[in-house]
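Descriptive structure summary
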Amino acid sequence: MTALPTRHLGELTVAAQGLGCMGMSHGYGSSDDETSVATLHRALDLGVNLLDTSDFYGAGTNEELIGRAIADRREQVVLATKFGFANKLGEPTLIRGDAAYVRQACEASLRRLGTDHIDLYYQHRVDPQVPIEETVGAMAELVAEGKVRHLGLSEASAETIRRAHAVHPISALQSEWSLWTRDLEDEIAPVCRELGIGVVPFSPLGRGFLTGRYTSPDAMEEGDARRSMPRWAGDNFDRNLAIVERLNELAERRGVTAGQLALAWVQHRGDNVVPIPGTRRQKYLEENVAALSISLTSEELADIEAAAPRDRIAGARYDDGALAFVNG
């Protein structure tokens, strides 16, 4: 196993880059478990130890996949999963954070993952009907029982993070952060730094858009969730593609890919930042890990941000229904 640089999520030490596993079972069209397991094993061989899943991905099948893949390598893994979506895909969104559900969800995840503990347990979205103190209080009980080691939140507001952290230390906030999603920079990231909380950016490559591999929405399979996202539709797609073309020019100058440059930019957001780019393929996994070795000067960082101005990204990242549960 290769040694990668490490970073801290609260008191939890992990490799400086993790692996988002959602796409192996959920959201991005068809997948092949054998290919995914090979990629998971390659990640561990490369020293990537933070594996991220959720009970929502593939209605639990993603957790089962991860559980099988790491069964004989559990000690090498910092295993992260999430709870909160109590609906099935295609049904109206139902978020639950009540104490009874927290325990129920954790027990089910432990069974699917085939493990006796979860290293990092996130609330996937904040339940607007339940005080965060109740939810985190229930999560803290799981820590006391040894079923969970560290706690996290996902897409939570600065105020919610403060209230949660006052109940039990929060190790990590997982939220979307990339060159085309920078909402959390205003209040949320500073609060995390102040409180010693790590930030785990998901979709640091803009769901693959920033890699430049997609030149048309038609390149995605039917059933791929991105086809219904505003940024991937119509004129928005073309306007955003122009930004990627500018990133490509900068990347060529450095002898790297646009995706590696975009990922390096996220990695330079702070020493408490651990992005989790997702992929099902070893080729792209290796490309992502190689981005850890890219060092950017302040001038290069400024050039990247000028190529992808925060206020020029066309379209929202989710539809209105999904956006209602962001920064809760």
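First things first, this report covers the structure right here in the doc. All values reported here derive from a predicted model rather than from experimental measurement. (Residues numbered from 1 in each chain as written. Predicted model: local features only at pLDDT ≥ 70, side-chain atom pairs only at ≥ 80, totals over all residues. Heavy atoms only, no water.)

Regular strands place side chains that alternate from one sheet face to the opposite one. By the alternation rule, side chains of strand β1 (residues 6-9) split into R7 and L9, which are all buried, and T6 and H8, of which none is buried. Summarising the sheet, β1 and strand β2 (residues 12-15) pair through four bridges and their orientation is antiparallel. Of the residues in β2, the one forming a bridge with T6 is A15. In textbook terms, the turn of a hairpin is the stretch between consecutive antiparallel strands, and for β1 and β2 this stretch comprises two residues, one of which, G10, has a positive phi near 60 degrees. (Buried < 20%, exposed > 50% of the residue type's maximum accessible area, 1.4 Å probe, protein only. Helix = DSSP H or I, 4+ residues; strand = E, 2+ residues; numbered from the N terminus. Pairing = 2+ DSSP bridges.)

Over the atoms rolls a probe the size of a water molecule, and in doing so it shows where empty space is left. In the structure shown here, the tally under the stated rule is one cavity of 30 Å³ or more. Counted as a void, the largest cavity has a volume near 30 Å³. If you trace the largest cavity, you find it lined by E176, W180, T181, R207, M229, R231, W232 and R317. Across the lining of the largest cavity, the residue classes break down as three nonpolar, one polar and four charged. (1 Å grid on protein atoms, 1.4 Å probe; cavity = no way out; pocket = protein on both sides within 12 Å on 5 of 7 lines; lining within 4 Å. Points joined across faces, edges and corners; volume = space filled by probe spheres on them. Nonpolar A, V, L, I, M, F, W, Y, C, P; charged D, E, K, R; others polar.)

Here the focus is the packing of helix α5 (residues 158-167) against helix α6 (residues 188-195). Across the interface, α5 lies against α6 with an axial gap of 9 Å and an inter-helix angle of 20 degrees. In terms of orientation, α5 and α6 fall into the roughly parallel class. Pair α5 / α6 crosses with right-handed handedness. Packed against α5, whose contacting residues are A158, I161, R162 and H165, the element α6 presents I188, V191, C192, E194 and L195 at the interface. A breakdown of the residues in the contact of α5 with α6 according to their chemical character gives six nonpolar, one polar and two charged. (Axes fitted to C-alpha atoms, helices over the stretch in contact; angles between N-to-C directions. Parallel < 35°, antiparallel > 145°, perpendicular 65-115°, else oblique. Left-handed = near helix turned anticlockwise from the far one by under 90°. Contact = heavy atoms within 4.5 Å.)

With that out of the way, let us pick up the nonpolar core. Judged by nonpolar contacts, the single largest core of 98 residues is most densely connected at L9, L19, L51 and I161. Filtering out sequence-adjacent residues up to four positions away, L19 remains in contact with M24, L40, A43, V48, L50, L51, D52, I276, P277, G278, T279 and L285. (Core = buried A, V, L, I, M, F, W, Y, C linked by side-chain atoms within 4.5 Å.)

This part covers helix α4 (residues 132-144). Given a rise of 1.5 Å per residue, 13 residues ought to cover 18 Å, and the 18 Å separating the end C-alpha atoms of α4 matches this to within 8%. If you check which residues of α4 are buried, you get I132, T135, V136, A138, M139, A140 and L142. Elements in contact with the buried residues of α4: β5 (78-83), α3 (99-113), β6 (118-123), β7 (148-154), α5 and β8 (170-176). Of the residues flanking the end of α4, it is G146, one or two places downstream, whose phi is positive at about 80 degrees. (Expected span 1.5 Å × (residues − 1).)

All right, on to the pattern of salt bridges then. Applying the stated criterion to the full structure yields 23 salt bridges. Its salt-bridge partner being D119, residue R74 comes within 3.0 Å of it at the nearest N-O pair. Placement of the pair is R74 in the loop between α2 (61-69) and β5 and D119 in strand β6, with a sequence separation of 45 residues. A relative accessible area of 15% places R74 in the buried class. Overall, D119 belongs to the buried group, its relative accessible area being 9%. The partner of R163 in a salt bridge is E133, and the shortest N-O contact between them spans 2.8 Å. Here R163, found in helix α5, pairs with E133, found in helix α4; they are 30 residues apart in sequence, far enough to count as distant. Accessibility expressed as a relative area gives 34% for E133, which makes it partly exposed. (Salt bridge = Lys/Arg side-chain N within 4 Å of Asp/Glu carboxyl O.)

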